[in-house]
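# Examination of the molecular architecture
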Amino acid sequence: MSNILYDRLGGRAGIDKLVDRIVELHLQNDVAGPRYRALDTAAIDHAREKVKEFLAAGSGGPVEYTGRSMIETHTGMNVSAAEFVAVVDDIMQAMRELDYPQPVCNEVLGVAYSLKGEIVHR
Ligand code: HEM
């Protein structure tokens, strides 16, 4: 199999399924959920599509990310470190539920964590 993370995530179909589950978990999350539950359906649908694109493009897929930068998107929200961890926990839980191998989970964890400074306290 290709070593590209995009392929190890199952390509676009795998990523779409993964992000659908991540967003479901975000909506139920005690810590980060209020941020997402405050969005209307159109805004949630938009964010879900952009996150799919972000992950597909960022993992080496044949996709161009057309959304806003992480800094631009999350500036003005004053996201806390606890909310950040809650979101990363949801990503890891969704990956476990979908039976991704541990090395793939670890790689996504590293990518997610590397974005902390662009998202928290802005
Ligand atoms: C690794 C972590 C994260 C990634 C990769 C990420 C990625 C994204 C992306 C791609 C979008 C859509 C951008 C666009 O509309 O152009 C978005 C929107 C959003 N994110 Fe994040 N995010 C992360 C963490 C967080 C955290 C910790 C929170 C707060 C709990 C958060 C709250 C939101 C909200 C509320 C929106 C919708 C904004 C709006 O509609 O204006 N995100 N995020």
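Residues numbered from 1 in each chain as written. Predicted model: local features only at pLDDT ≥ 70, side-chain atom pairs only at ≥ 80, totals over all residues. Heavy atoms only, no water.

For the chain, an unreviewed UniProt entry supplies the name Hemoglobin and the organism Halomonas korlensis. If you open the UniProt record of the chain and go to Cofactor (unreviewed entry), you find "heme". (UniProt positions renumbered as here; feature names shortened; annotations may be inferred.)

### Details of the UniProt feature "binding site: heme" (unreviewed entry) in the chain
Following the UniProt record, one finds the feature "binding site: heme" (unreviewed entry) at His74. Beyond its immediate chain neighbours, meaning those up to four positions away, His74 contacts Ile119 and Arg122. Within the local environment of His74, its side chain forms a polar contact with the backbone oxygen of Met70, the two atoms lying 2.9 Å apart. (Contact = heavy atoms within 4.5 Å. Polar contact = N/O pair within 3.5 Å; in protein donor to acceptor, adjacent residues only side chain to side chain.)

### Things to note about unusual backbone geometry
A positive phi angle, near 50°, is found at Asn78, a position not held by glycine. Of note in the backbone geometry, Asp99 takes a positive phi value of approximately 65° without being a glycine. Residue placement: Asp99 occurs in the loop between α6 (81–97) and α7 (102–114). By relative accessible area, Asp99 is classed as exposed at 66%. (Helix = DSSP H or I, 4+ residues; strand = E, 2+ residues; numbered from the N terminus. Buried < 20%, exposed > 50% of the residue type's maximum accessible area, 1.4 Å probe, protein only.)

### Some remarks on the packing of aromatic side chains
A complete count under the given rule lists two aromatic pairs for this structure. On the basis of an interplanar angle of 75° and a centroid distance of 5.1 Å, the ring pair of Phe54 and Tyr65 is categorised as edge-to-face. Taken together, the positions of Phe54 in helix α4 (residues 41–58) and Tyr65 in the loop between α4 and α5 (70–74) put the pair eleven residues apart, joining distant regions of the chain. Taking the relative accessible area as the measure of exposure, Phe54 reaches 30% and is therefore partly exposed. Here Phe84 and Tyr113 contribute two aromatic rings whose centre-to-centre distance is 6.4 Å and whose plane-to-plane angle is 70°, an arrangement assigned as edge-to-face. With Phe84 in helix α6 and Tyr113 in helix α7, this pair connects stretches of sequence that are 29 residues apart. (Phe/Tyr/Trp six-rings, centres within 6.5 Å; stacked < 30°, edge-to-face > 60°.)

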